[in-house]
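As a plain string of letters, each chain reads:
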Amino acid sequence: QVQLVESGGGLVQAGGSLRLSCAASGRMFSGYVVGWFRQAPGAEREFVARIRWSGANTYYADSVKGRFTISRDNAENTVYLQMNMLKPEDTAVYYCAATTKYYPGGYSNNYDYWGQGTQVTVSS
């Protein structure tokens, strides 16, 4: 049983940066995949980035490549999303999610555990 809590959201001007954190309360294993998703008003939830708990591979949505970086601190059971050069279209509620599925891709229905979300608002 894994519980996830996001933090770090807030209001930022276009071009600014924000760092989101996703703290996992349960023990994470190498097979876990942790992803970031976001949902803007009136839109469906979309994949942002994902990372395996153990391993070097990361994956990003085309819309955030070159601007966002996903990383982890295994000792602290925390995954981060560093967001740079933010745009108004990045405004959304951001969720972290985890799954024991080995190859979940960026499909939200493949993720079993979800945090409560944290609001990111990019002005102008």
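The following paragraphs examine the structure supplied in this document.

1. Remarks on the environment of Ser30
In this structure, Ser30 sits in the loop between strand 3 (18-24) and strand 4 (33-39). Taking the relative accessible area as the measure of exposure, Ser30 reaches 46% and is therefore partly exposed. With 52 residues separating them along the chain, Ser30 and Gln82 place their C-alpha atoms 22 Å apart. Among all residues touching Ser30, those that are not within four sequence positions of it are Arg52, Trp53 and Ser54.

2. With respect to the pairing of strand 3
Of all 7 residues that make up strand 3, 5 are buried, and the element is covered over most of its length. Pairing of strand 1 (residues 4-7) with strand 3 involves 4 bridges; the strand directions are antiparallel. Bridge pairing in strand 3 places Val5 opposite Ala23. As paired elements, strand 3 and strand 8 (residues 78-83) share 6 bridges and run antiparallel to each other.

3. Quick notes on the packing of aromatic side chains
Tallied over the entire structure, the rule returns 6 aromatic pairs. On the numbers, 6.5 Å between centres and 65° between planes, the contact of Tyr111 with Trp114 is edge-to-face. Arg45 extends its terminal NZ or CZ atom over the ring of Trp114, reaching a point 4.8 Å from the ring centre.

4. Considerations on the nonpolar core
Trp36, Leu81, Met83 and Tyr94 are the most contacted members of the largest nonpolar core, which totals 36 residues. Contributing elements (two or more residues each) for this core: strand 3, strand 4, strand 5 (46-52), strand 7 (68-73), strand 8, strand 9 (92-99) and strand 11 (118-123). A per-element tally of this core places strand 9 first, with 5 residues. Sequence-distant contacts of Tyr94, defined by excluding residues within four places in its chain, comprise Glu6, Leu20, Trp36, Phe37, Arg38, Val48, Phe68, Leu81, Met83, Gly117, Thr118 and Val120.

5. Re the pattern of salt bridges
Summed over the entire model, instances satisfying the criterion amount to 5 salt bridges. For the salt bridge of Glu46 with Arg38, the shortest nitrogen-to-oxygen distance reads 2.7 Å. Salt-bridge contacts for Lys101 lead to Asp112; the nearest nitrogen and oxygen are separated by 3.8 Å. One end of the pair, Lys101, is in the loop between strand 9 and strand 10 (113-114); the other, Asp112, is in the loop between strand 9 and strand 10, and 11 residues separate them in sequence.

6. Description of the side chain of Thr78
With respect to the secondary-structure elements, Thr78 resides in strand 8. Residue Thr78 is classed as buried on the basis of its relative accessible area, which comes to 9%. Here the side chain of Thr78 touches Glu76 through a polar contact of 2.9 Å, landing on its backbone oxygen. Residues contacting Thr78, with those up to four places away along its chain left out, are Ser21, Cys22, Ala23, Trp53, Ser71, Arg72 and Asp73.

The rules behind each value
Residues numbered from 1 in each chain as written. Predicted model: local features only at pLDDT ≥ 70, side-chain atom pairs only at ≥ 80, totals over all residues. Heavy atoms only, no water. Helix = DSSP H or I, 4+ residues; strand = E, 2+ residues; numbered from the N terminus. Buried < 20%, exposed > 50% of the residue type's maximum accessible area, 1.4 Å probe, protein only. Contact = heavy atoms within 4.5 Å. Pairing = 2+ DSSP bridges. Phe/Tyr/Trp six-rings, centres within 6.5 Å; stacked < 30°, edge-to-face > 60°. Lys NZ or Arg CZ within 6 Å of the ring centre and 35° of its normal. Core = buried A, V, L, I, M, F, W, Y, C linked by side-chain atoms within 4.5 Å. Salt bridge = Lys/Arg side-chain N within 4 Å of Asp/Glu carboxyl O. Polar contact = N/O pair within 3.5 Å; in protein donor to acceptor, adjacent residues only side chain to side chain.

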